[in-house]
2 protein chains.
Amino acid sequence: MNKTVKSIREAIELSGLKSGMTVSFHHHLRNGDYVLNMVMDEISALGIRDINVNASSLFDVHMPLIEHIKSGTVTEIATDYISSGLGKHFSKGIMEKPIEFRTHGGRPTDIALGRTPIDVAFIAAPTADTMGNCSGKYGKSACGSLGYAFADAMYAKKVVVITDNLVSYPMQDWSISENFVDYVVSVDSIGDPKGIVSGTTKITRDPVGLVMASHAAKVIEASGLLKDGFSFQTGAGGASLAVAKFLKDIMLREKIEGSFGLGGITGYMVDMLQAGCFRNLLDVQCFDLSAVESLRNDPRHMEISSLQYASVLGRSAAVDSLDVVILGATEIDTDFNVNVHTDSNGYIMGGSGGHSDTAAGAKLSMIIAPMFRARLPIVTDRVNCISTPGKDIDVLVTQGGIAVNPRREELRKKLSEAGLPIIDIHDLKEKTEKITGTPTKLVKGDKVVANIIGREGDLLDRIYNVTD
Amino acid sequence: MNKTVKSIREAIELSGLKSGMTVSFHHHLRNGDYVLNMVMDEISALGIRDINVNASSLFDVHMPLIEHIKSGTVTEIATDYISSGLGKHFSKGIMEKPIEFRTHGGRPTDIALGRTPIDVAFIAAPTADTMGNCSGKYGKSACGSLGYAFADAMYAKKVVVITDNLVSYPMQDWSISENFVDYVVSVDSIGDPKGIVSGTTKITRDPVGLVMASHAAKVIEASGLLKDGFSFQTGAGGASLAVAKFLKDIMLREKIEGSFGLGGITGYMVDMLQAGCFRNLLDVQCFDLSAVESLRNDPRHMEISSLQYASVLGRSAAVDSLDVVILGATEIDTDFNVNVHTDSNGYIMGGSGGHSDTAAGAKLSMIIAPMFRARLPIVTDRVNCISTPGKDIDVLVTQGGIAVNPRREELRKKLSEAGLPIIDIHDLKEKTEKITGTPTKLVKGDKVVANIIGREGDLLDRIYNVTD
């Protein structure tokens, strides 16, 4: 018995894929991914049409999707994130059916519950054996964690593993196991290493970013959460990393032993692990080579599936044990609703990813953002798109003051007692608009181009088309 | 959030367990297990009755079950193996409903498919954290692999982890993850280490055993399977280990690099790993301390769930890639059907475990057994109980000759060409009976005490009561 087949085309044919079905992809190869395009090109060449593409995220490398949409090969898309180049096309309304945006925790929930059934999952695997055991930790295209691919493998009707490092059975230290895999295809390359992992993101040197980061670290200190057992997630942005830097200094100085760092893992979180700030890292996605190496070599650094990371399906997820998460925003409104889906012109340029999931789970969810970008204020009356509901956001840190959600009055008191510059979010909006002027309201089109589905399956909001 | 509760009683109450429901247990603590008895005592004390106990195996340490059966607390049992002390009671017909025997691969299949739904799974865990991540590798009661507990955790309506080594969240290197676990109970001791892992089983010194083992090794050599990539499973019996010893010598001499050793893992298989006979071990259960240590420390030695080991539910299982398995028998008939459930008097004293699964999966499944035991011939016209169907058994090795299943004519030729002493199984029966005399036929009772359910869910046979 041996599951290897000659080509992607043969795997598609064997899988029984027909017009109208759903295929899925994970995004661990990020903007270096070749697999989605290779598979969709074959599907198109086979004359299969009306395909629903369920991808955990889509990047600009997936631009050929636009042609497949125009030709009718692809008619539905479900994803958690769309980068700005692709997003512009979708915002112009090229699809008849709205895109379905989910969160990184909501996507596997809906797959597992059969709300978004997958007919054929295509799993890009940096290493796989002939029976389909596979991992992202090894091989020339190593991407580290395969966290977002587990649900696809576990629940799809057919599972095709595509690898550029086929090894003999059994591979050592697999992530996804053979019992889920139908076919294995060996190809020359599944991705461009330069696009798979970014270089280490640099900590911001921008004075505004440093002020915000310093405020953020003080908020965490004043919250009372920064003590032994502390757990933390932050993004890969320059200001978020600066918060991590300040936290690391405090933790080392005060000899605080945290429990775990969570999330998409950067080299900076690896540094904190190695410095003793955390006992463990729980990793659903590696952002850089340092994270990949650490996941491969350091047993304290562990891979988790998106189900274990953030899904409400299980009895608990790692986000439920999270103390603090640092998050970004393109807009936040006076009810603390956050937009990370669209830019200031209304174009799709992101998605929730784990934003909503961690905000809901963490004891302290913090947005860190400048008061304005390109003379557009961060605080508005109503965000153009609710990515994360305001009830799950505790505090907004800007260089112009710290706004605390009125639902967290006890937190406001603590921060105030610590001498931090607290400001009511309405006042912050006014203060900002004194600098920037009142922005003109965005004019939405009348076609729904995307539905935002919350982590528990509820419709949170809609995105409308942008007209020039 | 924290899933720890004060006591087993509180966990049972919170789980919603009611009369008529099903509870489950795994058997990795073997004859040292305290957990099944502690839980059943509490269930009984709570006045809950008519419970179905689904345990992957039952040992004599579980003798208190007999009282729970007599009192009506337990009215149904499903398991894969029952040791002889307990077996005697069941064979006398103390239960109204027949026991359901399954295989180690069939049990998780039927749990996953909802054929044998579990209301509350109780998982004995040598280490667990406060959110239920748990492992068998660490702690004073370390048992190694938790392979048989995965299906229970994944599919039970409620999951209770019981540990005597509660650690802070997150534990490192968990086997079963928090998303499956509802409650965690910390107790003083989950088992007696002396009963959990046996000392290393000694290789047989019995001349008959050594002759059989030498024949067995030659059969494997002559089969053509003993080459690079060779994979192998054997039991913990003295003759089986002697086969391993002979194989190891051949492999080292011929510089053959095997791929994997599978199964319940003994120190002897660990020795073969360390000597370079195998690249990896796939471990569903550790039989001794050496296996536990190796699983904990050696990344080449990997834990697998029973689903991945042997279930027909997945797209493949490890047994499907197995070259050779060495198995035992209490009887084998002229159609090669094997009994490992009952002894010569018809009393239950075992069960299939992975017998049927590996026999079905392996390219060469070999029974190794003496021609007779206590003057009772191993070969009969019809076994008293079909544990593994004859179609899945390829060869019987005894000191009096090697019988090959007529379905494997090409194998018979190879062995014959290698000069091995081939004998027709009918002739072997006759030859044996010339020594032992013709045994008297066992008189079965008229009550069915157990049904034998094959690995694909089919009814293979029935076991009847024994009358004195």
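I will try to describe carefully the structure that is included in this document. Worth saying up front: this structure is predicted, and the values here are computed from it rather than measured.

1. Comments concerning the interface of chain B and chain A
Taken together, the 41 residues of chain B in the interface contact 41 residues of chain A. When the two sides are added together, the surface that chain B and chain A hide from each other amounts to roughly 2,900 Å², 50% of it contributed by carbon and sulfur. Residue aspartate 182 of chain A is joined to arginine 315 of chain B by a salt bridge in which the shortest nitrogen-to-oxygen separation is 3.2 Å. Counting across the chain B and chain A interface gives 24 residue pairs in polar contact (both at pLDDT 80 or more).

2. Things to note about the relation of the copies chain B and chain A
When chain B is fitted to chain A, the residual RMSD is 0.0 Å, and the transformation amounts to a turn of 180° plus an axial shift of 0.0 Å. Such a combination of turn and shift is consistent with a two-fold rotation axis. Nearest to the rotation axis, the C-alpha of proline 299 of chain B is located 5.2 Å from it, this being the minimum over chain B.

3. What about the packing of helix 9 (residues 238-254) of chain B against helix 10 (residues 267-274) of chain B?
Residues and elements named next belong to chain B. Put simply, helix 9 and helix 10 touch, their axes get as near as 10 Å, and they point 5° apart. By the angle between their directions, the pair helix 9 and helix 10 is classed as roughly parallel. Along its contact with helix 9, which presents Leu241, Ala244, Lys245, Leu247, Lys248 and Met251, the element helix 10 presents Tyr268, Asp271 and Met272. Its residues assigned to classes, the contact of helix 9 with helix 10 shows six nonpolar, no polar and three charged.

4. A few points about unusual backbone geometry
Residue proline 170 of chain A follows tyrosine 169 of chain A across a cis peptide bond; omega there is -10°. Of note in this structure, aspartate 50 of chain A is not a glycine but carries a positive phi near 60°. You can see aspartate 50 of chain A is positioned in the loop between helix 2 (35-45) and strand 3 (51-55). Phi is positive for phenylalanine 336 of chain B, close to 70°, though the residue is something other than glycine. Here phenylalanine 336 of chain B shows up in the loop between strand 17 (331-333) and strand 18 (338-339). The exposure class assigned to phenylalanine 336 of chain B is buried, which follows from its relative accessible area of 1%.

Parameters at a glance
Residues numbered from 1 in each chain as written. Chains lettered and ligands numbered in written order. Predicted model: local features only at pLDDT ≥ 70, side-chain atom pairs only at ≥ 80, totals over all residues. Heavy atoms only, no water. Contact = heavy atoms within 4.5 Å. Buried area = accessible area lost by both parts, 1.4 Å probe. Salt bridge = Lys/Arg side-chain N within 4 Å of Asp/Glu carboxyl O. Polar contact = N/O pair within 3.5 Å; in protein donor to acceptor, adjacent residues only side chain to side chain. Least-squares fit on C-alpha atoms with pLDDT ≥ 70 in both. Axes fitted to C-alpha atoms, helices over the stretch in contact; angles between N-to-C directions. Helix = DSSP H or I, 4+ residues; strand = E, 2+ residues; numbered from the N terminus. Parallel < 35°, antiparallel > 145°, perpendicular 65-115°, else oblique. Nonpolar A, V, L, I, M, F, W, Y, C, P; charged D, E, K, R; others polar. Buried < 20%, exposed > 50% of the residue type's maximum accessible area, 1.4 Å probe, protein only.

None of this, on its own, says anything about what the molecule does.
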